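Coordinates in review
In case you want the letters, here they are:
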Amino acid sequence: MAAFIASLLTLGATRTALVIGSLVAATSGAVGVFVVLRGQSFSGHALGDIGTTGAAAAYLGGISPLYGFIGVGVLGGLGIETLGERARERDVATGIVLSLMLGIGALLLYFMTQRPNPGSGPVAILFGSIFTVDPGVTGPVALFSVLVLLLLAVLYRPLVFTTVNPQVARAAGVPTTAVSLLFMLAIAVAVEESALVAGALLSTALLIGPASAAVRWTRHVGEAVALSVLLGLLAVVLGVALAYQSYAWPPLDRGWPVSFFIVMIVLLEYLLSRIGRRTRQEPATRQVP
Amino acid sequence: MRNLQPVAGQAQPVLELAGVRVSLGGRPVLQGIDLSLRPGELVGVIGPNGAGKTTLLKIILGLLRPDQGKVRIGGHDAQASRSLVGYVPQSYTPDPDLPLTARDLVALGLDGARWGFSLGGRNRRAKVDEALNWVGASSYADQPVGRLSGGELQRLLVAHALISEPRVVLLDEPLANLDLRSQDEVVALVGRVAHERGVTVLLVTHDMNPILGVMDRILYLARGQAALGTVDEVVRQDVLGQLYGHHIDVVRVHGRILVVGGPDVEALTCTTCDA
Ligand SMILES: Nc1ncnc2c1ncn2[C@@H]1O[C@H](COP(=O)(O)OP(=O)(O)OP(=O)(O)O)[C@@H](O)[C@H]1O
Ligand SMILES: [Mg+2]
């Protein structure tokens, strides 16, 4: 196994894929725990789609899609949070911002396909391109990851408090509106990073999957964050390794998309946590006559 | 934890409301509320649905600003003295999957408002253990909060509210959805909070009967107005009749008090009888 990973690391493309994939998985895994606990999965998913509009604009403008994803994602996140302060309104606000951005995105993607040489741009934006991602974005992705994790560390206790009991947190002097807004920024950056890597359509898997498994398997928020990061890393490393292997599978020398493997592993983690949970609860249910 | 013994003859009020008036959505909810509570006093807040009980607590917490009037806690403006007030909200039900133990929840009451991580420390742990022990929650300290019974959760929320050593604790319907035994346990615990620790307690409940034995005074709310005094002073035909604005019967049977009457008989009956 070690030799196999060593051989993966010697290849330029897989090395970039592993490094960027790990950064993204760790960030999404940590943020994802709070997304799951706060019931913000829909916003998290929508932000990935919203980001594609930015990525398409960046592509048309000739700059790195990373900045398109992050720029528009942050704006979208701020929009959602300002429009819908309370949880119930937030879903509606998310839907409105999402439709608006998807409308613009559809137009931009149309422009992309009408260009003389559309290449793989539209596909890369929608489905991710961890193997073809420009190694030059490693630095910026690392920087954004560090910023998100730092923000999460600073927000940690007030965010836990606000998540657990917003009313009491507010009464205890937690600026809950500011905490929620800053956390929305963290979600936006984490999701857009992973949209770049796993693809906008699949970034939700990295955000929600490892986190919802980790939440079921742990008793403390801190433990859930740590486990979620580990499960995310596992999915990316295994996914990259399997994608590398798949060059030997039919159709020969083409390789299966890495996003497929990552999402399947995440799904497996989630299903295992459901099953584990079911068997743990069983004794209690059996006591009922 | 600090143990504030009520000093005999201590006259300095902990909580004062003067001429408080609140409107929500353009409708007056509370008006002309005056009260002055002493340290270690347990006050039951009673009134029908929509009487403004939760609103009153939010005013004291500084979560709502009154349109008129003053709220002072420990001699300071309510906004500036949040750390002096502990709060147990109405109907709190954590998600069963929430990865948070009883101990974690109580610790949030201690330092959950501070930025960053907690560095733990023996002192912090000792404080949390002491609070858990004091409310009798040690046996389930490491259980996830989402899987506790209603009575266990209420005792825990009391520990959570007490651990920051407040001068005033506000409990919104802590007896709702509890069976009689759990009600008695929570009532006894809240009595100790006031009378052993000297914390002023405002306890909101629909039914005054479970707390008749521990409450020092009653704050009766109806139609946005309040009457404060001992049970014998307030729960009377004339006083409540004036508060509700129509005829009221106060019936005492087997040591229980029933408030009955008016056009809204059903609702009134249920504010004072066991379901
Ligand atoms: N945000 C709001 N906007 C408008 N009206 C409000 C708002 N919050 C409460 N009210 C109104 O204020 C009145 C008092 O509400 P409050 O929640 O204080 O009642 P309560 O005595 O706690 O009732 P319950 O026993 O049902 O908990 C109600 O008529 C309610 O409809
Ligand atoms: Mg209420």
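Use the structure listed above.
This report concerns the structure included in the present document. Quick caveat, the model's predicted, so the values are computed rather than measured.

Definitions and limits used
Residues numbered from 1 in each chain as written. Chains lettered and ligands numbered in written order. Predicted model: local features only at pLDDT ≥ 70, side-chain atom pairs only at ≥ 80, totals over all residues. Heavy atoms only, no water. Helix = DSSP H or I, 4+ residues; strand = E, 2+ residues; numbered from the N terminus. Rg over C-alpha atoms; globule rule 2.2 N^0.38 Å. Buried < 20%, exposed > 50% of the residue type's maximum accessible area, 1.4 Å probe, protein only. Contact = heavy atoms within 4.5 Å. Areas by Shrake-Rupley, 256 points an atom, 1.4 Å probe, with all protein chains shown as cover. Lys, Arg positive; Asp, Glu negative; His and termini not counted. Charge placed at Lys NZ, Arg CZ, Asp CG, Glu CD. Pairing = 2+ DSSP bridges. Axes fitted to C-alpha atoms, helices over the stretch in contact; angles between N-to-C directions. Near = heavy atom within 4 Å. Polar contact = N/O pair within 3.5 Å; in protein donor to acceptor, adjacent residues only side chain to side chain. Parallel < 35°, antiparallel > 145°, perpendicular 65-115°, else oblique. Left-handed = near helix turned anticlockwise from the far one by under 90°. Core = buried A, V, L, I, M, F, W, Y, C linked by side-chain atoms within 4.5 Å. Donors = N, O, S within 2.8 Å, 3.2 Å for Na, K, Ca; no water. Buried area = accessible area lost by both parts, 1.4 Å probe. Salt bridge = Lys/Arg side-chain N within 4 Å of Asp/Glu carboxyl O.

In terms of regular secondary structure, chain B is built from eight helices and twelve strands. Against the 2.2 N^0.38 benchmark of 19 Å for 275 residues, chain B shows a C-alpha radius of gyration of 19 Å, consistent with a compact globule. Reported as C-alpha extents along the three principal axes, the dimensions of chain B are approximately 60 × 45 × 40 Å. Out of the 275 residues in chain B, the part that is buried amounts to 51%. Excluding contacts between residues fewer than 6 apart, the proportion of contacts in chain B whose partners are at least 24 apart in sequence is 64%. Of the roughly 12200 Å² that chain B leaves accessible, carbon and sulfur atoms contribute 48%. The centroid of the 27 positive side-chain charges in chain B is displaced by 7 Å from the centroid of its 29 negative side-chain charges.

As a further point, take unusual backbone geometry. Residues and elements named next belong to chain B. With a phi close to 40°, S91 is a non-glycine residue in the positive phi region. Here the phi dihedral of E165 falls at roughly 55°; this positive angle occurs in a residue that is not glycine. Inspection of the secondary structure assignment puts E165 in the loop between α4 (150-162) and β7 (168-172). Judged by relative accessible area, which is 24%, E165 ranks as partly exposed.

Residues and elements named next belong to chain B. Strand order across the open sheet formed by four strands is β2-β1-β4-β5, with antiparallel pairing between neighbours. Of all the strands in the sheet, just β2 (27-37) and β5 (76-77) have a single pairing partner and so form its edges. In the sheet, strand β1 (residues 15-24) pairs with strand β4 (residues 68-73) via five bridges, with the strands oriented antiparallel. When the sheet's bridge partners are listed, A18 is paired in β4 with K70. Helix-sheet contacts for helix α1 (residues 53-61) involve β1, β2 and β4, and the interaxial angle to β1 is about 120°.

Before going further, it helps to examine the site of ligand 1. All names here are of chain B. Contacts to ligand 1 come from 15 residues, most closely from N49, G50, K53, T54 and T55. In the model, an oxygen atom of ligand 1 is placed 2.7 Å from a nitrogen or oxygen of the K53 side chain. The separation between an oxygen atom of ligand 1 and a polar side-chain atom of Q90 is 3.1 Å. Its free accessible area being 640 Å², ligand 1 has 61% of it covered by the protein chains.

Backbone-to-backbone hydrogen bonds pair the strands of a sheet. The strands run either parallel or antiparallel. Residues and elements named next belong to chain B. Taken in spatial order, the six strands make up an open sheet running β6-β7-β8-β3-β9-β10, and their pairing is mixed. Of all strands in the sheet, those with a lone pairing partner are β6 (85-88) and β10 (225-229), marking the two edges. In this sheet, adjacent strand axes meet at a mean angle of 15° when their direction is disregarded. Sheet topology note: the strand β3 (residues 42-46)/strand β8 (residues 200-205) ladder contains five bridges and is parallel. Residue pairing across strands places I46 opposite T205, the latter belonging to β8. Across the sheet, α1 lies against β3, β6, β7, β8 and β9 (217-222), angled at about 150° from β7, the strand it touches most. On the sheet, α4 packs against β6 and β7 and is oriented at approximately 160° with respect to β6.

Each pair of packed helices can be summarised by the angle the axes make with each other and by the distance between the axes. All names here are of chain A. Between helix α3 (residues 41-61) and helix α4 (residues 65-83), the shortest axis-to-axis distance is 7 Å and the interhelical angle comes to 135°. It follows that α3 is oblique to α4 by the angle criterion. Both α3 and α4 take part in a crossing whose hand is right-handed. Packed against α3, whose contacting residues are S43, L47, G48, I50, G51, T52, G54, A55 and A58, the element α4 presents P65, G68, F69, V72, G73, G76, G77 and I80 at the interface.

On to the nonpolar core, then. One finds F183 of chain A together with L156 and Y220 of chain B to be the most contacted residues of the largest nonpolar core, which totals 167 residues. A total of 13 residues in this core trace back to one element, the largest contributor, which is helix α9 (residues 176-198) of chain A.

Attention now goes to the coordination of the magnesium ion (ligand 2). Residues and elements named next belong to chain B. Taken together, T54 (OG1) and Q90 (OE1) make up the protein donors of the magnesium ion (ligand 2), found 1.9 to 2.4 Å from the metal. Taken as a pair, T54 in helix α1 and Q90 in the loop between β6 and α2 (102-111) lie far apart in primary sequence, 36 residues in all. For T54, a relative accessible area of 24% translates into the label partly exposed. Of the residues examined, Q90 reaches a relative accessible area of 34% and is grouped as partly exposed.

A few words on the interface of chain A and chain B. With 28 residues of chain A at the contact, the number on the chain B side is 28 residues. Counting the surface lost from both chain A and chain B, the interface buries some 2700 Å², and carbon and sulfur atoms represent 61% of this. Considering only the side of chain A, the residues that lose the most area to chain B are R157, V164 and R219 of chain A, jointly responsible for 28% of the buried surface there. Along the contact surface separating chain A from chain B lie two salt bridges. For R157 of chain A, the salt bridge goes to D111 of chain B, with nearest N and O atoms at 3.0 Å. Scanning the region where chain A abuts chain B turns up ten residue pairs in polar contact (both at pLDDT 80 or more). Of all the secondary structure elements, the ones that give two or more residues to the side of chain A that touches chain B are α7 (138-164), α8 (166-171), α10 (203-217) and α11 (221-245) of chain A.

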